[in-house]
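The lines below spell out each chain.
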Amino acid sequence: MSRIVMIGGHGKVALLAAPLLVEAGHEVVSLIRNPDQSADVAATGATPLVLSVEEADVAELTRVFAGADAIIWSAGAGGKGGPERTDAVDRAAAIRSMEAAAAAGVKRYIMVSFITAYGEVPDDHPLRAYAIAKIAADRYLQTTDLDWTILGPGLLTLEEPTGAITVARLAPGATTGSGRTSRGNVARVIAAVLAEPASVGRVIPFYDGDTPIAQAVADVPQEYADLS
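First, a word on what this report is: a plain description of the structure on this page. Just so we're clear, the structure is a prediction, and the values are computed from it rather than from any experiment.

### What about the environment of Ala93?
Within the element layout of this structure, Ala93 appears in helix α4 (residues 82-103). The exposure class of Ala93 is buried, given its relative accessible area of 0%. Beyond its immediate sequence surroundings of up to four residues, Ala93 is in contact with Val53, Glu54, Trp73 and Ala88.

Have a look at this one:
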């Protein structure tokens, strides 16, 4: 059994990932901002813990992470509060969680990002503030000594998961709405990379496809780790 701390525990992906991790024998602690969400989290088999990562400092996060075997970042401002809050959550808080993981001695860190979180962000990008924040957090993660994996799903949907994906970057010029990806498949990818040592140090851009998830995450090209 491993102890896993999931940040953003009431998000749609996290609520789908938690029962898969619990079923696999892990102890899951899900961080949430709103205590009213505790029942939903508990129903997944995870243990809810009320803590705002937006407000928590590194010391607070370090205490929460103590004794964990892995950290999963599945949080986000969700476009609420404008660019300043997006930066505060998707970049600053994410980086604090990485610093806390290192301070707590937790090596494994899974970042749920998005499929086009690399390169330069054009001025007319529809999610410019979010993209800038996510790219900054992902690039910072790559500079750490953590055993990291960055997941880059495409456009998230509520379609039934197929258990199969395509690992690939989108073609140049493709929009962020390309590459439909069921949230259920994202949850399955989270569980799969935790069980796959070959996923450490890999950026995995993906969308719903034809390759079984376990196979897909075991053979990710190193070239995708270039976020420039």
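### Focus on the packing of aromatic side chains
Here the structure, examined in full by the defined rule, presents 1 aromatic pair. Ring plane angle 50° and centroid distance 5.1 Å describe the contact between Phe114 and Tyr130, whose orientation is recorded as tilted. In this pair, Phe114 is assigned in the loop between β5 (108-112) and α5 (128-143) and Tyr130 in helix α5, connecting sequence segments 16 residues apart. The class of Phe114 is buried, set by a relative accessible area of 11%. Tyr130 sits in the partly exposed class, given a relative accessible area of 27%. Note that Arg169 overlies the ring of Tyr118, its terminal NZ or CZ placed 3.6 Å from the centroid.

### Some words on the pairing of strand β4 (residues 70-73)
Of the two faces of β4, the one lined by Ala70 and Ile72 and the one lined by Ile71 and Trp73 are each fully buried. Across 4 bridges, the pairing between strand β1 (residues 3-7) and β4 is parallel. Across the sheet, residue Val5 finds its bridge partner in β4, namely Ile71. When β4 meets β5, the two strands line up parallel, connected through 4 bridges.

### So, the nonpolar core
If you look at the biggest cluster of nonpolar residues, it comprises 33 residues, and the most contacted ones within it are Leu31, Phe65, Ile71, Trp73, Tyr109 and Met111. Secondary structure elements with two or more residues in this core: β1, β2 (27-32), α3 (58-65), β4, α4, β5, α5 and β6 (147-153). The element that contributes the greatest number of residues to this core is α4, accounting for 6 residues. Ignoring anything within four residues of it in the chain, the contact list for Ile71 reads Val5, Ile7, Phe65, Ala101, Val106, Arg108, Tyr109 and Ile110. Ranked by size, the runner-up nonpolar core spans 31 residues in total, among them Leu21, Ile190, Val217 and Tyr224.

Cut-offs applied
- Residues numbered from 1 in each chain as written.
- Predicted model: local features only at pLDDT ≥ 70, side-chain atom pairs only at ≥ 80, totals over all residues.
- Heavy atoms only, no water.
- Helix = DSSP H or I, 4+ residues; strand = E, 2+ residues; numbered from the N terminus.
- Buried < 20%, exposed > 50% of the residue type's maximum accessible area, 1.4 Å probe, protein only.
- Contact = heavy atoms within 4.5 Å.
- Phe/Tyr/Trp six-rings, centres within 6.5 Å; stacked < 30°, edge-to-face > 60°.
- Lys NZ or Arg CZ within 6 Å of the ring centre and 35° of its normal.
- Pairing = 2+ DSSP bridges.
- Core = buried A, V, L, I, M, F, W, Y, C linked by side-chain atoms within 4.5 Å.

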